[in-house]
Amino acid sequence: MNSFEINIENIKKHKWQDIGDSPTTKYYTDWSQYEKILNKQGELKFEKPNGKFDFIVGPCGNSNKAYEPKLIKPEESKLASYHFYYLNEINEINLDSGEYAISFCNPISERWVSQHLIVNIKENSNVSLLIYEGRKSPGSSVIEINAHKNSKSNLAILLDPEIKYPTAYLIRKAIYSQASMNSMTFSTPTLMNRIEEKVVLFDNSIFNHKSLTLSYKNSRVDNIIDTIQVGRNSDSDVSGLGFAFDSSLSSVRGTDIITYDGRKSRSNFIVEAIILGNSARAYTMPMMKIETGDVISATHKSAQYRVSDDILFYLQSRGLTYEEIVSLLVYEKSLSMANHLENIKEKVQEFIKQKLDRIFKNQL
Amino acid sequence: MGSPIELAKDKELKEIVENKGIEDILGKSVPYPKDIEIKGKITKDIIEEISKSKKEPQWMLNLRLKALELFEKLPMPNWIAGVESIDLEEFAQYVKPKVEVAENWDQLPDWMRDMYSRIGLPETEAKVLSGLTAVFDSENIISRLKDELKQKNVIFMPMDEAVQKYPDLVKEYFGKEFPMADHKFAALHYALWSGGAFVYVPKNTKIVNPVEAFFIIGGEMEGQFEHTLLVADDNSSFGTSYIHFIEGCAAPVLRNYSFHDGMVEIYAGKNSQVYFSTLQNWSRSIINFNNKRAIAEENAHVEWVEGSIGSKMTYTYPSTVLRGRGASTKNISIGISNGPYIKDVGSKAIHAAPDTKSMIISKSISSNGGIATYRGLVKVLKGAERSFSHVQCDSLILDEKSQAYTLPRNEVDEPTAIVSHEATVGRLGEDQLFYMASRGIREGEAKALIVNGFIRDVLKSLPLETVSILTRVIGLEFSELGSVG
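Calculation notes
Residues numbered from 1 in each chain as written. Chains lettered and ligands numbered in written order. Predicted model: local features only at pLDDT ≥ 70, side-chain atom pairs only at ≥ 80, totals over all residues. Heavy atoms only, no water. Salt bridge = Lys/Arg side-chain N within 4 Å of Asp/Glu carboxyl O. Helix = DSSP H or I, 4+ residues; strand = E, 2+ residues; numbered from the N terminus. Buried < 20%, exposed > 50% of the residue type's maximum accessible area, 1.4 Å probe, protein only. Core = buried A, V, L, I, M, F, W, Y, C linked by side-chain atoms within 4.5 Å. Contact = heavy atoms within 4.5 Å. Buried area = accessible area lost by both parts, 1.4 Å probe. Polar contact = N/O pair within 3.5 Å; in protein donor to acceptor, adjacent residues only side chain to side chain. Nonpolar A, V, L, I, M, F, W, Y, C, P; charged D, E, K, R; others polar. Pairing = 2+ DSSP bridges. Phe/Tyr/Trp six-rings, centres within 6.5 Å; stacked < 30°, edge-to-face > 60°. Lys NZ or Arg CZ within 6 Å of the ring centre and 35° of its normal.

(A) Representation of the pattern of salt bridges in the model. Residues and elements named next belong to chain A. Throughout the structure, instances matching the rule amount to 41 salt bridges over all chains. With a shortest N-O distance of 3.5 Å, D222 and R194 are connected by a salt bridge. Here R194 lies in strand β13 (residues 192–201) and D222 lies in strand β15 (residues 220–229), a separation of 28 residues in the sequence. With a relative accessible area of 0%, D222 lands in the buried category. Beyond isolated ion pairs, a larger network of salt bridges with shared partners links E76, R172, R194, E196, D222 and R253.

Listed below in structure tokens is the structure:
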């Protein structure tokens, strides 16, 4: 595994983010939170996750070792380099038709822990898949999904990390020819939660994705959803939604790219951030790079807002308090993000509901 | 069925899109006499020489030298593509053509008068303008102001002259809206600025007809760094200050490139309204870097219109800082990237006070391998309560080789603000052409109809003078006439 032999001195030479020096361009990920943790030492334990799973990956579960990452390389970013530097093993699972639940072992530590899972959805298969991660440590998790030719899949990645640590999720997907995927990523907040989602669409593939993130207290989330359409006749519907409570920051952004080879493709990209705290902040950046004029359509939208005065007035006139109105809005919008997940919809909604209950009953 | 004006515009565009192969109006550049041409590495000596030749006060020289220091320290901007090819030591930083400052068109030398006549500037001035100043290379060569404005105590003159005649007024606003440390090319501009216009609109003054500044770069390997400063003073209860400023740019076809690094600063006092239209149609030999920023005080309104048609590369992002309660801004840009050229344009609105509003509308058309980029920022600061912003970006790609990028940023630190953004990229589809062909509409006509429909709603909202010039410029672009604005 030569590619994993990464020199720490070389990693340190790289910049965290290769952005321009425009005075208005900012870092939306607070990289300093990672720097504080990366060299920290400490004990490391893994606990088995609660619940029934078909696969548990990591030291507490099944061994499904793989040797090479497929959709991510250490050299692609400083974060990826650190991920591989601290990584002990990659797990790879191949799936035929069926419904599956996979969970990572939960690391318990004060130091950086890297985890890595590759899932291959086989050709012509019909797969429903729930992937859970509930780390109690700082660190990075990479999830690679390969949806092979002519497969159909419903996928939910449900992340519930401990709020006090900085975390990074690097999610990569390849949707090969004729394959279609309905997917969702959901995450509760952490001190700094960077969720990078990158999907590549090949010929005649279909991708329908929703991403939902919560942030509260002083947490910060940077959810980046990039869709790269390199195949003809590919079709993407992608939306991201962030709720920012208290004095948290929610950034929802990404780029939809249709390359020259992606002619006759269609894309629709929507990002929304809803500000629910008086000191909360919300940033949206729905970017689009269309490299050919031969597209069916390409649209994007974004919005930042709080509960509108009209809705407030209407519901308050019917006896609801402000807190009840906010709760209604958050539950309704959050649960509807899973509507496209067909047979795993209820399970995902139940998971989201539990986390929202925790927020509304205990945390806020 | 549209109005007669709309029908006339339809007809004009149809003719425009169908026309092909007409020579450039300004043609190729020809040699002309020059009084001064300063070239080489940009040093303190060069800055002092430029300042001395303009008989500037010490504070302006100090400002230039401070800018030079910053220019040397700041890195080349790396958020945009293409500028790395610019060799800043290669071109002339200051060029004064051999011509006396004229009071009327007849006093200009024949070659220069002929150039302006071909553009139609003397005719435009006579018919619709309240005032005009024309900059050739680095210097204003003619400035005219109608009596109507003189009687209202409006100041409209070359920027260099204003530094001499109104030093205190200029010093109060110059460099205050657009900081020199903003980026390397802003610092370069302040070090080398020459030419441009200064406008001061006193309280309670309305200027009915627009004023115009027109910029020509006559030769290759030149830099033009004109500075325009527009101050609309505060208003009382008598009415609203109002001014419409038109900026036009042109260059003949050059064998090598030239570089434009101009700047516009606007200060819009309480209750004032400022309309600033740019009709940029540089030839394909110009790298165009344009820095534009406004500050809007209480209930002021600033409107930017950017018709960005020509040039090899254009980078411009007109910005408004909404500093006073109730201030508003609107930014309309129409960018055409026809051929293997780059248009990187956009807008910024910074909401820094309650009840402020911004509206940004961008329409871009890319064809023949062109790249059209919208790059924008809406920032709502904490405390800018009930602010509202909407951004609408539409791109039309006319062939499969061309590209359109939309890169918006919306940053909201105020929970009561509402910010939204919408963008679409459309194409000229074979199905559309087939549909129209089946109804007897030829490809040229069909393209004209689609382009027309695409920009029509934006044109409708613009001042009449801007529409007239803009449709002509777009027409020249599609008919491959070349470079006039």
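(B) Highlighting the nonpolar core. Counting residues in each nonpolar core, the largest one holds 55 residues, and the members touching the most others are F174, L188, F198 and F259 of chain B. The residues contacting F198 of chain B, other than those within four sequence positions of it, are I155, F156, M157, P158, M159, A162, L169, V170, L229 and V231 of chain B. Within the second largest apolar cluster, 39 residues are counted, among which are Y216, L241, Y331 and A338 of chain A.

(C) Main features of the interface of chain B and chain A. Facing 38 residues of chain B, the contacting portion of chain A comprises 43 residues. Summed over both sides, the interface of chain B with chain A buries roughly 3,300 Å², with 50% coming from carbon and sulfur. With a shortest N-O distance of 3.8 Å, E400 of chain B and R263 of chain A are connected by a salt bridge. Summed over the shared surface of chain B and chain A, the result is 19 residue pairs in polar contact (both at pLDDT 80 or more). Sorting the residues of the side of chain B that touches chain A by element identifies β20 (371–380), β22 (403–412) and β23 (418–427) of chain B as the ones contributing at least two each. The biggest single contributor to the side of chain B that touches chain A is β22 of chain B, with 10 residues. Considering only residue class, the side of chain B that touches chain A consists of 17 nonpolar, nine polar and 12 charged. By the bridge criterion, six bridges tie strand β19 (residues 281–290) of chain A to β22 of chain B in an arrangement that is antiparallel.

(D) Seen up close, the packing of aromatic side chains. Counted by the stated rule, this structure contains 28 aromatic pairs over all chains. Ring geometry for F185 of chain B against F289 of chain B: centres 4.6 Å apart, planes inclined by 40°, an arrangement best described as tilted. Here F185 of chain B, found in helix α9 (residues 184–192), pairs with F289 of chain B, found in strand β13 (residues 286–296); they are 104 residues apart in sequence, far enough to count as distant. F185 of chain B gets classed as buried once you look at its relative accessible area, which sits at 0%. Exposure remark for F289 of chain B: the relative accessible area of 2% places this residue in the buried category. The rings of W16, W31, Y34, Y82, Y85, Y86 and W112 of chain A are connected pair by pair, giving a single aromatic cluster. Between the NZ or CZ atom of K289 of chain A and the centre of the ring of Y405 of chain B, over which it lies, the distance is 5.5 Å. Above the ring of F454 of chain B, the side-chain terminus of K363 of chain B is found at 4.7 Å from the ring centroid.

(E) Structural context of the environment of A186 of chain B. Residues and elements named next belong to chain B. Relative to the assigned elements, A186 resides in helix α9. Along the chain, A186 and E297 lie 111 residues apart, while their C-alpha atoms are 24 Å from each other. Not counting the four nearest positions on each side in its chain, A186 is found in contact with F178, P179, M180 and M263.

(F) Representation of the pairing of strand β18 (residues 266–275) of chain A in the model. Residues and elements named next belong to chain A. For β18, the buried fraction is high: eight of the 10 residues fall into the buried class. Note: strand β16 (residues 235–244) against β18, 10 bridges, orientation parallel. In the sheet register, V238 faces β18, and the bridge partner there is F269.

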